[in-house]
Amino acid sequence: MAEMPIPQDYGRNIDGIGGITINTDGGADIELTEAPPEVEELEDGSAVVTMEDYKGPEEDPDFYENMAESYDLQELSSLAIRYLDLIDKDKDARSERDKQYEEGIKRTGMGNDAPGGATFMGASKVVHPAMTEACIDFAARAIKEIFPPDGPVRTNIIGEVTEDKTEVAERKRDYLNWQLTEQIEEFRDEQEQMLTQLPLGGSQFLKLYWDDQKKRPASEFLPIDNVYLPFSAVSFYTAQRVTEVQDISEWEFKNRIRRGLYKNIGIIRSALEPEESHAEKANQKVEGKKYQDNEDGLRRVFHIYTWLELEDDKYSKGEMAPYILMIDKNDMEVIGLYRNWEEGDETLTKLDWIIEFKFIPWRGAYAIGLAQLIGGLSAALTGALRALLDSAHINNAATMLKLKGGKMSGQSQQVEVTQVVEVEAGPGVNDIRSIAMPMPFNPPSAVLFQLLGWLSTAAKGVITTSEEKIADITNNAPVGTTQALIEQGAAVFSAIHARLHASQARVLMVLQRINRWYLDEQQKGDVIADLPIHRKDFERNGDVIPVSDPHIFSETQRMAQTQAVLSLADKYPQLFDQRAVIGRALKQLKVPNINELMPQYRKPIELNAADENAAMVMGHPAVAYPRQDHIAHIRSHLEFFQNPMLGSNPIMAPMFVPAALEHLKQHIMLWYTQAVRMYALKPAGLDKERYEDSKLAAEIDRVVAVASQHVTMDTKEVLAPFMQVIQQMAQMAQQFKPQPQMDGEAQAVLQASMAETQRRAQRDQADIQLKQAQMQQDMVEQDKKQQFEAAQNTEKLLTEERLKTLDLTVDAARLKKEQGESAIALQNELQRNLNKGV
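Residues numbered from 1 in each chain as written. Predicted model: local features only at pLDDT ≥ 70, side-chain atom pairs only at ≥ 80, totals over all residues. Heavy atoms only, no water.

Draft legend 1. Structural detail: helix α17 (residues 609-617). Taken as a whole, α17 has its buried residues at A609, E612, N613, A615, M616 and V617. At the N-terminal end of α17, a side-chain oxygen is found 3.2 Å from the backbone nitrogen of A610, two or three residues along, and the residue is N608. G619 occupies a position one or two residues after α17 and carries a positive phi of about 90°. (Buried < 20%, exposed > 50% of the residue type's maximum accessible area, 1.4 Å probe, protein only. Helix = DSSP H or I, 4+ residues; strand = E, 2+ residues; numbered from the N terminus. Polar contact = N/O pair within 3.5 Å; in protein donor to acceptor, adjacent residues only side chain to side chain.)

Structure (structure tokens):
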């Protein structure tokens, strides 16, 4: 790290740092030294290790030469005889396999020779399409996943992701995609042909090699009937020998001799009919080809990938080593012998040129295909379908029984449609049914029709790759449920797809090895000529892999995952890179020219302070770098801001101020980390240590803790003059902070909510007014009630008073009457007494 020209005392003695000795956990003293001289340390702390350049085939032509040109002829003749005998045995050992492949091709019905059904004249020869449909469906789905239009390669950086690793991986990805889509023009055709045959053969092969005539890699499809393995082989890649059968024309044979691939031998023109496998014969019927003569002089050559002990080979030192042995069957002579390991490889590891693709692995070296899986069901389907059609045909055919002895001389016995024919009968016969009757054939059976449907369902259940199980799923279904149904509906294809992905990875590894050897000799064309690709880029194979995903095998599944990501990103926006999420969704929707819709961010570059100010005003990013003078940059940015004609200008401030605050934060943090490093780590010799990988992490923590006290003192001295201006910038930035904007859906929800609130307020106001009117009415009613009650009470009181007055009057009258009666009685009593003389 370069020292920063800032006013602080770097010579200050810090207790616990200067002149210390670091101990590991085991107690051993460690002397910290500089990086080794072969390692070039960069200013950002990373390092570049210079590796020895790889030596390709052109560096040592003797190692990769055709040994058949100089090897002992007697030894070569012995090898030819021995291996031709072994090849015959290997061929006989897999003869039944060849017949199974032939049977699968016939069951497709495309060669018009599928066995089964009746043999009478006019019998149906239709074939049920279960086998053909499965092959076409599989190949279409497979090629779409492993070879999309943009190319079959993507990057995959393992370990720490660095800028150098990323650039190399991206260069390789672009170059390999160009190779497989344009340079190797036959690659996609060969791979598609292989995929259509894979379900029938169980195992199929793809070969990659360097074509020195075309100056580019080349590819070739190898059907399983042209690849022989020994009976004892349990795996293709570990087999003791693998024999590739090639039937080439005389012209191609001579061309390979001229190019140096084969040894020059006396050629005897081949006039024999080429020996064809059972599968090849069946395939020729599908193609509509028929052998005429051997005008092209086809001859059979065996390329045998095997292990040999060659005592005279100075490179193998007489040990068992991998070789490629090429034998011309017509002349029974070795025409090629090549070492099949890399020069300098002391392990003698065999190089792969042929890649196996498997359908369903089984016990043994060969995988199984549709011929083994549904061969019987396919035959039953074809038989049932033919039986139904034959039954319908027979019931509509004019097949009759004629009475023996019936005289019909001179009469037609075959009646064409719409033809009227007169038939003469014998004496006494007036009913034609008396001399002839239709054959009593049974009509088409409903049970047979049901059986056909059951067989079809059973066959599709074994090899289905469709997704019928999600047909009734609604848009509101959970993503997990949809995903589970997709995987359940295509479980077989999911496993096959993972195997295809692994085989495609092997293809890329072989292609990278060819590029590592022959990149400088390739014809690259105008499109890729400017790409800075180098042979050294292909020394690492793990940074590019097939674009297919072994966990995803259909567009429906990928769309379900994308929908799940969009849903989560909408729910938790702070956890996702929204640009990356939207970009992935657009790519999944196959939207063209995504970069036009979402322009790429301009990559920041290191600039001086003035250029950074201009960049931030124009809306471009500015990034602080470790080697810059951070205090000087901070001062320049703040002075630019304080100038009312520049940073504080109303037309510049809205863009400049927010970006400058973020940029100032970067400079302050870099100044802080560099100050700690200069105070503590560098004097202690720890500045070269990687904290995450170092065993001295605890020691580094203690040193940093001590240094932090002194850095805190420096911040008050160095950064304090800037804080007032930074606070002014922060306050101004609040004015430019955009108000949160809502999308259309959120605005609609808000408007609906406001409308609902207003409606509720109006309803509440109406309720209040109604309640007030009700209260007034209640008050009026209450007043009336009270007045009525008061009137009633008054009337009651008056009535009571009147009654009381009346009672008093009555009482007075009664008293008066009683008094009068008493007076009269007293008078009468006095009168009587007077009368008595009292």
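Draft legend 2. A look at the nonpolar core. Within the largest apolar cluster, 103 residues are counted, with the highest numbers of intra-cluster contacts made by F138, L195, L337 and L500. The greatest single-element share of this core, amounting to 10 residues, is contributed by helix α12 (residues 491-518). Residues within four places of L337 in sequence aside, it is in contact with E65, N66, M67, A68, L76, L308, L310, Y323, I324 and L325. (Core = buried A, V, L, I, M, F, W, Y, C linked by side-chain atoms within 4.5 Å. Contact = heavy atoms within 4.5 Å.)

Draft legend 3. Looking closely at a nonpolar patch on the surface. A cluster of nonpolar side chains, namely L568, Y572 and L575, defines an oily patch on the protein surface of about 300 Å² accessible area. Tracing the sequence through the fold places L568 in helix α14 (residues 555-571). (Patch = residues over 30% accessible without salt bridge, like charges linked within 9 Å, V, L, I, M, F, W, Y side chains within 5 Å. Areas by Shrake-Rupley, 256 points an atom, 1.4 Å probe, with all protein chains shown as cover. Salt bridge = Lys/Arg side-chain N within 4 Å of Asp/Glu carboxyl O.)

Draft legend 4. Spatial organisation of empty space enclosed by the protein. Here the structure, examined in full by the defined rule, presents 2 cavities of 30 Å³ or more. Considering only enclosed or pocket space, the largest cavity measures out at about 80 Å³ in volume. In terms of lining residues, the largest cavity is bounded by F236, Y237, V242, Y305, N340, K350, L351, D352, W353 and I354. Considered class by class, the residues forming the lining of the largest cavity number 7 nonpolar, 1 polar and 2 charged. (1 Å grid on protein atoms, 1.4 Å probe; cavity = no way out; pocket = protein on both sides within 12 Å on 5 of 7 lines; lining within 4 Å. Points joined across faces, edges and corners; volume = space filled by probe spheres on them. Nonpolar A, V, L, I, M, F, W, Y, C, P; charged D, E, K, R; others polar.)

Draft legend 5. The arrangement of the packing of α17 against helix α18 (residues 630-642) in detail. Two elements in contact, α17 and α18, have axes whose closest approach is 9 Å; the angle formed by their N-to-C orientations is 45°. When the axes of α17 and α18 are compared, the pair comes out oblique. In the crossing of α17 with α18, the sense of the turn from one axis to the other is right-handed. Contacts from A609, E612, N613, M616 and V617 of α17 reach α18 at H633, S636, H637 and F640. Split by residue class, the contact of α17 with α18 holds 4 nonpolar, 4 polar and 1 charged. (Axes fitted to C-alpha atoms, helices over the stretch in contact; angles between N-to-C directions. Parallel < 35°, antiparallel > 145°, perpendicular 65-115°, else oblique. Left-handed = near helix turned anticlockwise from the far one by under 90°.)

Draft legend 6. Highlighting the pairing of strand β12 (residues 333-339). When you tally the buried positions in β12, you get 6 out of 7 residues, the bulk of the element. Two strands pair when backbone bridges link them, and strand β11 (residues 320-328) and β12 are joined in this way by 6 bridges, in the antiparallel orientation. Bridge pairing in β12 links I327 to V334. Hairpin connection between β11 and β12: a loop of 4 residues separates the two successive antiparallel strands, and M332 in this loop has a positive phi of roughly 55°. (Pairing = 2+ DSSP bridges.)

Draft legend 7. Just the side chain of S277, in detail. Structurally, the position occupied by S277 is in the loop between α6 (250-259) and α7 (278-287). Overall, the relative accessible area of 14% leaves S277 in the buried class. At 2.6 Å, the side chain of S277 and the side chain of D225 are in polar contact. At a separation of 3.1 Å, a polar atom in the side chain of S277 contacts the main-chain amide nitrogen of E280.

Draft legend 8. Local environment of the sheet that holds strand β10 (residues 299-309). In space, the 5 strands of this open sheet follow the order β8-β9-β10-β11-β12, with antiparallel pairing throughout. Of all the strands in the sheet, the pair left with one neighbour each is β8 (227-228) and β12. Bridge count for strand β9 (residues 241-248) against β10 is 8 bridges, and the pairing is antiparallel. The residue bridging T243 from the neighbouring strand is I304, located in β10. Seen against the sheet, α6 touches β9, β10, β11 and β12 and runs at an angle of roughly 120° to β9.

Draft legend 9. Quick peek at a negative patch on the surface. Among the surface-exposed residues, D72, E75, E309, E311, D312 and E319 lie close enough to one another that they form a single negatively charged patch. Within the element layout of this structure, E311 appears in the loop between β10 and β11. (Lys, Arg positive; Asp, Glu negative; His and termini not counted. Charge placed at Lys NZ, Arg CZ, Asp CG, Glu CD.)

Draft legend 10. Layout of the sheet that holds strand β7 (residues 216-222). Spatial strand order, β7-β6-β13: 3 strands in an open sheet with antiparallel pairing. The two strands at the open ends of the sheet, each matched to only one other strand, are β7 and β13 (354-358). This sheet shows a mean twist of 25° between the axes of neighbouring strands, independent of strand direction. Sheet topology places strand β6 (residues 203-211) next to β7; 7 bridges connect them, and they run antiparallel.

Draft legend 11. How the structure looks around the pattern of salt bridges. Going through the model one piece at a time under the given rule, you end up with 32 salt bridges. Where K106 meets E102, a salt bridge forms, and the shortest distance between an N and an O atom there is 3.3 Å. Highlighted residues: K106 and E102, both in helix α2 (residues 95-107), separated by 4 residues, approximately one helical turn. Taking relative accessible area as the criterion, E102 reaches 16% and is therefore assigned buried.

Draft legend 12. Structural context of the confidence of the model for the chain. Mean pLDDT over the chain: 77, with 74% of residues reaching 70 or higher. Contacts for the low-pLDDT stretch residues 1-54, under 50 throughout, to residues beyond four places or in other chains number 81 contacts. Across residues 465-475 the pLDDT falls below 50, and counting only partners more than four positions away or on other chains, this stretch makes 20 contacts in the model. (pLDDT = per-residue confidence, 0-100.)

Draft legend 13. Structural context of the packing of aromatic side chains. Under the counting rule described, the total for this entry stands at 16 aromatic pairs. Judged by centre distance (4.8 Å) and plane angle (40°), the rings of F205 and F236 are tilted. In this pair, F205 sits in strand β6 while F236 sits in the loop between β8 and β9, placing the two residues 31 residues apart along the sequence. Both residues of the pair, F205 and F236, count as buried. Between R339 and the ring centre of F63, over which it is positioned, the NZ or CZ distance is 5.5 Å. R513 extends its terminal NZ or CZ atom over the ring of W517, reaching a point 6.0 Å from the ring centre. (Phe/Tyr/Trp six-rings, centres within 6.5 Å; stacked < 30°, edge-to-face > 60°. Lys NZ or Arg CZ within 6 Å of the ring centre and 35° of its normal.)

Draft legend 14. Local environment of the side chain of Q183. When you line up the elements, Q183 lands in helix α4 (residues 163-183). There is a polar contact of 2.9 Å between the side chain of Q183 and the side chain of Q179.

Draft legend 15. Focus on the pairing of β9. The element β9 is largely enclosed, with a buried count of 7 among its 8 residues. Across 2 bridges, β8 lies against β9 in antiparallel orientation. In the strand pairing of β9, Y228 is matched with T243.

Draft legend 16. Local environment of the packing of α2 against α7. Between α2 and α7, the shortest axis-to-axis distance is 7 Å and the interhelical angle comes to 15°. Comparing their axes, α7 and α2 come out roughly parallel. For the element pair α2 and α7, the recorded crossing hand is left-handed. Between α2 and α7, the residues in contact are D98, K99, Y101, E102, I105 and K106 and H278, A279, A282, N283 and V286, respectively. In terms of residue class, the contact of α2 with α7 is built from 5 nonpolar, 2 polar and 4 charged.

Draft legend 17. Unusual backbone geometry, seen in detail. In this structure, K215 takes a positive phi of about 60° despite not being glycine. With respect to the helices, strands and loops of the structure, K215 is situated in the loop between β6 and β7. K215 sits in the partly exposed class, given a relative accessible area of 30%. The phi angle at K317 is positive, at roughly 55°, despite the residue not being glycine. With respect to the helices and strands, K317 occurs in the loop between β10 and β11. Using a relative accessible area of 69% as the deciding quantity, one classes K317 as exposed.

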